[in-house]
Structure formats: C-alpha cells, structure tokens
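Listed below, chain by chain, are the residues.
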Amino acid sequence: MVFVLKKNVSKEKIDTFVKKIESEGFSTFLSTGTEHTVVCLIGNTASIDLDQIVATNDIVEYGKRVTEPYKGVNRTAHPEDTLVRIEDVTLGEGYFNVISGPCSVESEEQIIAVAKAVKASGASMLRGGAFKPRSSPYAFQGLHAEGIRLLLLAKKETGLPIVSEIMNISQIPLFDEVDVIQIGARNMQNFDLLKELGRLKKPVVLKRGFANTIEEFLMSAEYIISGGNSEIILCERGIRTFETMTRNTLDLSAVALLKQKSHLPVIVDPSHAAGISSLVPALSKAAIAIGADGLLIETHNDPEHALCDGAQSLNPEQFEALMHQIRKRAVFEGKYIKENA
Ligand code: PEP
Ligand code: MN
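Quick look at the structure, then. Each chain has its residues counted from 1, running along the sequence as written. All chains are assigned letters beginning with A, and all ligands numbers beginning with 1, in the order in which they are written. This being a predicted model, a pLDDT of at least 70 is required before a residue's local features are given, and a value of 80 or more before pairs of side-chain atoms are given or counted; all residues contribute to the totals for chains, interfaces and linings. Here the side-chain values reflect all heavy atoms present in the structure, with hydrogen atoms and water set aside.

1. Some details on the packing of helix H6 (residues 214–226) against helix H7 (residues 252–261)
Relative placement of two packed helices is described by the angle separating their axes and the distance separating the axes. As a reminder of what qualifies: For every element, the axis is a line fit to its C-alpha atoms; helices are fit only across the contacting stretch, and the angle between N-to-C directions ranges from 0 to 180 degrees. Every helix listed is a DSSP run of H or I at least four residues long, and every strand listed is a run of E at least two residues long, numbered separately from the N terminus. For classification purposes, angles smaller than 35 degrees are called roughly parallel, those larger than 145 roughly antiparallel, those between 65 and 115 roughly perpendicular, and all remaining angles oblique. In a left-handed crossing the near helix is turned counterclockwise from the far helix by less than a right angle, and in a right-handed crossing that turn is clockwise. Whether two residues touch is decided by their heavy atoms; if any such pair falls within 4.5 Å, the residues are in contact. Each residue is assigned to one of three groups, with Ala, Val, Leu, Ile, Met, Phe, Trp, Tyr, Cys and Pro labelled nonpolar, Asp, Glu, Lys and Arg labelled charged, and all others, Gly among them, labelled polar.
Contact geometry of H6 with H7 gives a least axis separation of 11 Å together with a crossing angle of 45°. One finds that H6 runs oblique with respect to H7. Between H6 and H7 lies a crossing whose hand is right-handed. Touching Ile-214, Phe-217 and Leu-218 of H6 are Ala-254, Leu-257, Leu-258 and Lys-261, all from H7. Looking at the contact of H6 with H7, its residues break down into six nonpolar, no polar and one charged.

Structure below.
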C-alpha cells in the first residue's frame, strides 16, 4: 500500500504521519519524487482501511493498494517519472543522454583521449571500468584504485561526470567522488551490495542480469529504493538466449514494459547486447524508438588493442557518426539531447 502525499508538505507532518502508521505495526519507507513524497507500507496491509486513512490525514492526496511485490519502484506508487540529476545532466522522461567510454580504464592517455572524443561528439557522461568482472581469472581485471584516479583526472579535463562499476561493498570508499555507481549484470542480485547502495545518496546505474526476469530486475531496484535511494537508472543490456551469433539478445520489449511498470529512467546498452560493434548503431536506433531514456555505449580509442570488449567497442569516428543519427532520432521522439561540445 502506498500513500501519495500532497505537494510541499512539511517534514514534521510527514514524520508524524509515518510514526502513526509505524505504531500500528507496519514498516515504511519514503520515496521522494520531484513533486510528491510517497509513503510505502511494507507488511500485510489487508486489515488497513485505506479510505479512512485518506479521509483522516489531510496531508495525504490519495492512497493505493499495490499488488505487485515491487512497491517503491512501481509506477502505481509514483505516477510521474523520476528524474535523476547528476550535476548538469538530467536523466529521465523528456531527456535523452548518451553515456560512453571504454569497457575498462587502461591508461591515462587512453581515458583522456576517449573522454575528450566522446565529449566532443555529445556524450553527457563518461563511463569506464576500474573493477572488471571477467569470466576468466587470467583476463585483465582493471586498474582498481588507479583506474578511479584516472577517471577523476578525465573528469577534471573534460567536465564530464563519471560512471564506474563497483563489485563489492568493500570498494565503496573508493567511489566517494565517482558520480554514478554502476552495478553490473553479474551483481544485479548481490543483495548486500544493493542494500548498501540504498543507504548511499548516490545515483546508481543498475544493469539487468543476463539470466534475470523483468520482475527480478525491478525487485533488485526495490532493494535500493527501499533503503532510501531513488536515484536509480535501469539498464537493459541483453539477456542470454539460445542465440549464439550475438553476445546476448537485446530485450527491447523489456524497455517498453519497464517504462510502463516503473517510474525510473531506463537506458539501453547495445554494446554488451550485441557483442559486435557493427550492430551497435541499429540497436541504438531501436532503443530510441522503443522509448529508452538513453544509451550506454562502449567507445575505445583503439578497439583492436582494447584490453576488454574491443569487438563491441566503437572507435571515436564511429561514435561521432552514430551521435549524429542518435541526435536526429531523439529530437524526432521529442526529447532534449545535449548539443555537441
Ligand atoms: C560493462 O559495462 O563493461 C559490463 C561488465 O557490463 P555487464 O555487467 O552488463 O556485463
Ligand atoms: Mn564491457
């Protein structure tokens, strides 16, 4: 059950309302949107008289029973879209953002070169992995703390906010100055990590696990929002199917469904979905058409020699050409997209 509060209600009044509900044996969490605060009740709410609560609490605009197991991320609980703001970047309905950079940070020259190139083409944030979850323990695992340091250097050079993947709780202090924390597909159900990120007031890109259902995906986002952090960007990055000619199968219907079921921004990663750089433009355009709020694209200054995911990475020229096409289509869909730098 959720109660959507009227606009501009004072914190004191919200606290009093929450205490009253909790004294009846329910736990609650707040989802603070751009317009309204929503109080979500957890527990068996069958005995609650919803109409009576609405009638006797003047701060409540309306109440709703939410039947799905995901409450806080549910659009029923929060009809308007959540906008996630990172410095001067706004992610969510009405905006289209492209996040780009190499799979992994490899050296200062590499990350600075890619950061400058993607910025010049109109990317709004820089991504780069410092901790890499690789299938082989013998493959390049990332530069770790040094990788984060280099990303911060690239931010200083270009002004682009940075996105990087975290793999476990012990790494959290290293992400202090990272603007957006990415949870990769392999960690989508690392529940302890999700809970910790719920406590952090920092935007999160949550990638869908390649063997997870849409409901499981939303439940993972629920872990974060129920901890008090609603700055979540959902990322569809392809799921594993019987198909072997592509690295994964991009589940575009998930994007449309997620936009219906949830108020959170949804972006698409065509690079990991395809595994082949020549497919990235087509999948990017399809993602715009289906209503995605943005893209996460791997770009490398020298894909042939990349230490990770070179086959699916665009070079700066290809990224520049794709951005022209993306911009036209995003504008056609009525979205605001950043101009070239
Ligand atoms: C990545 O973004 O480089 C990555 C490892 O992605 P995923 O978790 O989607 O496989
Ligand atoms: Mn990658």
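2. Notes on the pattern of salt bridges
Spelled out, the test is: By definition here, a salt bridge exists when the distance from a side-chain nitrogen of Lys or Arg to a carboxyl oxygen of Asp or Glu is within 4 Å. Only protein chains enter the accessibility calculation, which uses a 1.4 Å probe; a residue is then buried when its area is under 20% of its type maximum, exposed when over 50%, and partly exposed in between.
What the rule picks out here adds up to 15 salt bridges. Here Glu-298 ties to Arg-127 by a salt bridge, and the two come within 3.3 Å at their closest N and O atoms. Linking Glu-298 in strand S14 (residues 294–298) with Arg-127 in strand S8 (residues 125–127), this pair joins segments that are 171 residues apart in sequence. The class of Glu-298 is buried, set by a relative accessible area of 0%. Asp-179 is the partner of Lys-155 in a salt bridge, and the nearest nitrogen-oxygen pair spans 3.0 Å. Residue Lys-155 is found in helix H4 (residues 145–158), and its partner Asp-179 is found in the loop between strand S9 (162–166) and strand S10 (180–183); the two are separated by 24 residues along the sequence. Sharing partners across several salt bridges, the network here consists of Glu-93, Lys-259, Asp-293 and Lys-335.

3. Brief notes about the packing of aromatic side chains
The test is simple: Aromatic contacts are taken between Phe, Tyr and Trp rings whose centres are within 6.5 Å, Trp giving its six-membered ring; a plane angle under 30 degrees counts as stacked, one over 60 as edge-to-face, and the others as tilted. By the criterion adopted, a ring carries a charge over it if an Arg CZ or a Lys NZ lies within 6 Å of its centre and within 35 degrees of its normal.
One pass over the structure, following the stated rule, counts four aromatic pairs. A ring pair is formed by Phe-3 and Phe-17, whose centres lie 5.8 Å apart and whose planes are at 90°; its orientation type is edge-to-face. Pair noted here: Phe-3 is in strand S1 (residues 2–5) and Phe-17 is in helix H1 (residues 11–23), with a separation of 14 residues, a long-range link. We classify Phe-3 as buried; its relative accessible area is 0%. Lying over the aromatic face of Phe-210, Arg-240 brings its terminal NZ or CZ to 4.8 Å of the ring centre.

4. Description of the layout of surface pockets
Operational definition: Space inside and on the surface of the protein is sampled on a 1 Å grid over the protein atoms alone, with a cavity defined as a set of points where a 1.4 Å probe fits but cannot get out and a pocket as an open set with protein on both sides within 12 Å along at least 5 of 7 lines; lining residues have an atom within 4 Å of a point. Grid points are joined across faces, edges and corners, and a volume is the space filled by probe spheres set on the points.
Quantified by volume, the largest pocket comes out at close to 220 Å³. Together, 17 residues line the largest pocket, and Pro-133, Arg-186, Arg-247, His-272 and Asp-309 are the ones closest to its centre. When the residues that make up the lining of the largest pocket are grouped by side-chain class, the tally is four nonpolar, four polar and nine charged.

5. A word on the coordination of the manganese ion (ligand 2)
Geometrically, a metal with four donors at the corners of a regular tetrahedron has ideal angles of 109.5 degrees, and one with six donors at the corners of a regular octahedron has ideal angles of 90 or 180 degrees. This is how the line gets drawn: Only N, O and S atoms count as donors, using a 2.8 Å cut-off from the metal and 3.2 Å for Na, K and Ca, and because water is excluded some sites may appear unfinished.
Of the protein atoms, only Cys-103 (SG), His-272 (NE2), Glu-298 (OE) and Asp-309 (OD) coordinate the manganese ion (ligand 2), at distances of 2.0 to 2.4 Å. Counting along the primary sequence, the residues that act as donors to the manganese ion (ligand 2) give the motif C-x168-H-x25-E-x10-D. Here Cys-103 is found in the loop between strand S7 (95–101) and helix H3 (108–121), whereas its partner Glu-298 is found in strand S14, with 195 residues between them in sequence. Residues Cys-103 and Glu-298 agree in their burial class; the two are buried.

6. Topic: the site of ligand 1
The cut-off we apply is this: Here, proximity means that at least one heavy atom of the residue falls within 4 Å of the molecule or strand. In the analysis that follows, any N or O atom pair within 3.5 Å is treated as a polar contact, provided that within protein one partner can donate a hydrogen and the other can accept it, and provided that, for residues neighboring in sequence, both atoms belong to side chains. Residue exposure ignores everything except the shown protein chains as possible cover, and the areas themselves are Shrake-Rupley values with a 1.4 Å probe. In this description, a molecule resides in a pocket or cavity if more than half of its atoms sit within 2 Å of the grid points defining it.
The immediate surroundings of ligand 1 are formed by Cys-103, Arg-127, Lys-132, Glu-165, Gln-182, Gly-184, Ala-185, Arg-186, Lys-207, Arg-237, His-272 and Glu-298. One nitrogen or oxygen atom from the side chain of Lys-132 is found 2.9 Å from an oxygen atom belonging to ligand 1. At 3.1 Å, a side-chain N or O of His-272 approaches an oxygen atom of ligand 1. For ligand 1, the accessible surface in isolation is 290 Å², of which the surrounding protein chains cover 97%. Placement of ligand 1 is best described as lying within the largest pocket. When its residues are assigned to classes, the shell around ligand 1 shows two nonpolar, three polar and seven charged.

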